Amino acid sequence: MSKVVETVEQLVKPITEELDLELVDIEYVKEGKNWFLRVYIDKEAGVDIEECGMVSERLSEKLDETDPIPYNYFLEVSSPGAERPLKKMKDYERAIGKRVHVKTYEPIDGEKTFEGTLLSFEQEELVVEYLMKTRKKQVVIPLDKIAKARLAISFS
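Residue numbers run consecutively from 1 along every chain, following the written order of its sequence. A pLDDT threshold of at least 70 governs which residues receive local features in this predicted model, and a stricter bar of 80 or more applies before side-chain atom pairs are shown or counted, although totals over entire chains, interfaces and linings include all residues. Water and hydrogen atoms play no part in the side-chain values, which are based on all heavy atoms of the structure.

Asks: Any chance you could break down the sheet that holds strand 1 (residues 22-31) for me, citing the residues and the numbers?
Replies: Ordered in space as 1-2-3, the three strands form an open sheet in which the pairing is mixed. Taken across any chain shown, the strands that pair with only one partner, and hence form the sheet edges, are strand 1 and strand 3 (73-78). Shown here is a sheet whose adjacent strand axes are inclined to one another by a mean of 15 degrees, direction ignored. Strand pairing is assigned whenever DSSP identifies at least 2 bridges connecting the two strands. Helix and strand assignments follow DSSP, with helices taken as H or I runs no shorter than four residues and strands as E runs no shorter than two, numbered in order from the N terminus. Note: strand 2 (residues 34-42) against strand 3, six bridges, orientation parallel. Among the inter-strand pairings, Tyr 40 is bridged to a residue of strand 3, identified as Ser 78. In what follows, residue pairs with any heavy atoms lying within 4.5 Å of each other are defined as contacts. Helix axes are fitted to C-alpha atoms over the stretch in contact, other axes to C-alpha atoms as well, and angles between N-to-C directions run from 0 to 180 degrees. Packed onto the sheet, helix 1 (residues 2-18) meets strand 1 and strand 2 and runs at close to 145 degrees relative to strand 1.

Asks: Run through helix 2 (residues 49-66), naming residues and quoting values.
Replies: Counting along an α-helix, one turn takes 3.6 residues, and residues three or four places apart therefore face a common direction. To estimate the expected span of a helix, subtract one from its residue number and multiply by 1.5 Å. Its 18 residues give helix 2 an end-to-end C-alpha distance of 26 Å, which sits within 8% of 26 Å, the value for a rise of 1.5 Å per residue. Among all positions of helix 2, only Glu 51, Cys 52, Val 55, Leu 59 and Leu 63 are buried. Projected onto a plane normal to the axis of helix 2, the buried residues spread over an arc of 95 degrees and lie on a single side. Counted as exposed and oriented over 90 degrees from the buried face of helix 2: Ile 49, Glu 50, Glu 57, Asp 64 and Glu 65. Think of it in three bands: with a 1.4 Å probe and only protein chains considered, a residue is buried below 20% of the maximum accessible area for its type, exposed above 50%, and partly exposed in between. It is the directions from the helix axis to the C-beta atoms that the arc portrays.

This is the structure:
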């Protein structure tokens, strides 16, 4: 599956660069009996349906030419949404001061899930301030211990 993602990345990157869009993520997953190729794009002001359509159309042509995927699949091109994943260094840097949700591979201070404000990101470590009951705490999370991280929306 990672070979498919690598190939698709090589095909879609020139398209997103030409349209001044950021390639956020690519997923190739099986859900039930169907395969899905999901491409997430964004830009500072957010993307609209026309931009998603343009990328989808151009990428679909490239995929038809090269035919790198052996199974039938559904191609979806969309915005990563308000709770966009944090994967690249620049994602973490842009998220400083924002609310994040982080899951780790192993417990840190007895916890594996942290949701709070990203205070800093330096030397491949995040500092997250979160509430533990009614007390504010800070945790240092090494980048290599992160299983998943994303922006988080708070409704309070």
